[in-house]
Amino acid sequence: MERHEHLPNCKDVIPINAARMFKSPAPVLSTPAVSVLLESAGRSILEIGAGCLRNALHLQRRGFKVTVLEIKGIDDRFPVQYDLFKRLGGKVLFEMPEKRFDWALSTFVVETICSIQARKQVVERIRHSLNESGFCVFSVRGPSDLVTARAKGVPVSDGYLTPGRTFARSYSRDQFAKFLTTCGFDDLQFLHRKTVKAPELLHVIAKFH
């Protein structure tokens, strides 16, 4: 009888394994362009894939009203941080809310979603969750930041299944621009020189008309 080996697929991914503990907010929040933008931005923010809440708690301290959208079980992984966040008025949701927000934040989340269709749906829902003048700040991994995944991972979807059963892929500047455009964001400000096509980390302020 012929024996078939299991071929990896998106069902093998354990998304919660991608969440790690960080002491500092994501680098994009300290870039000049984002810092200036946040000075006049509205107060309500939706963070997608907040993980250990390094960004959410930082933004709370700056006076923003923060709602985070996460997968179930993440609050049990970082109980101290989520308890503090909630006591300070933060909201934790496990489904996309109906209300609209002034702006959104997604750092190193998009590229961890294995299903291409699900990834596109998430970003489209982010756009629909924004006010007309809203924007989303994205950070994703660039090609040079994915060496370990390429070396030790197993190809699945359009990326790799890592030994820790997380999904990882990278985006070049052109690839991410095309992806965001297909999701309805048509005004993109990349926070790198135009000649830099594949930075280690890719940051962009995305708007729509």
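Look above for the structure.
Attention in this report is confined to the structure presented alongside it. (Residues numbered from 1 in each chain as written. Predicted model: local features only at pLDDT ≥ 70, side-chain atom pairs only at ≥ 80, totals over all residues. Heavy atoms only, no water.)

### Description of the state of the cysteines
Every disulfide links exactly two cysteines, by a covalent bond between their sulfur atoms. Counted by the stated rule, this structure contains one disulfide. One disulfide in the model links Cys10 with Cys114; its S-S distance is 2.1 Å. An S-S torsion of about -75° defines the bridge between Cys10 and Cys114 as left-handed. Taken together, the positions of Cys10 in the segment before helix H1 (32–40) and Cys114 in the loop between strand E4 (101–107) and helix H5 (116–128) put the pair 104 residues apart, joining distant regions of the chain. For Cys10, a relative accessible area of 29% corresponds to the partly exposed category. The class of Cys114 is buried, set by a relative accessible area of 5%. Among the cysteines around Cys136, which has no disulfide bond, Cys183 carries the closest sulfur, lying 11 Å off. For Cys136, a relative accessible area of 0% corresponds to the buried category. (Disulfide = S-S within 2.5 Å. Helix = DSSP H or I, 4+ residues; strand = E, 2+ residues; numbered from the N terminus. Buried < 20%, exposed > 50% of the residue type's maximum accessible area, 1.4 Å probe, protein only.)

### Here's the deal with the sheet that holds strand E7 (residues 159–161)
In space, the three strands of this open sheet follow the order E6-E7-E8, with antiparallel pairing throughout. With one partner strand each, in any of the chains shown, strand E6 (154–156) and strand E8 (167–168) form the two edges of the open sheet. For E7 and E8, the ladder comprises two bridges, and the chain directions are antiparallel. Note on E8: the bridge partner recorded for Leu161 is Phe167. (Pairing = 2+ DSSP bridges.)

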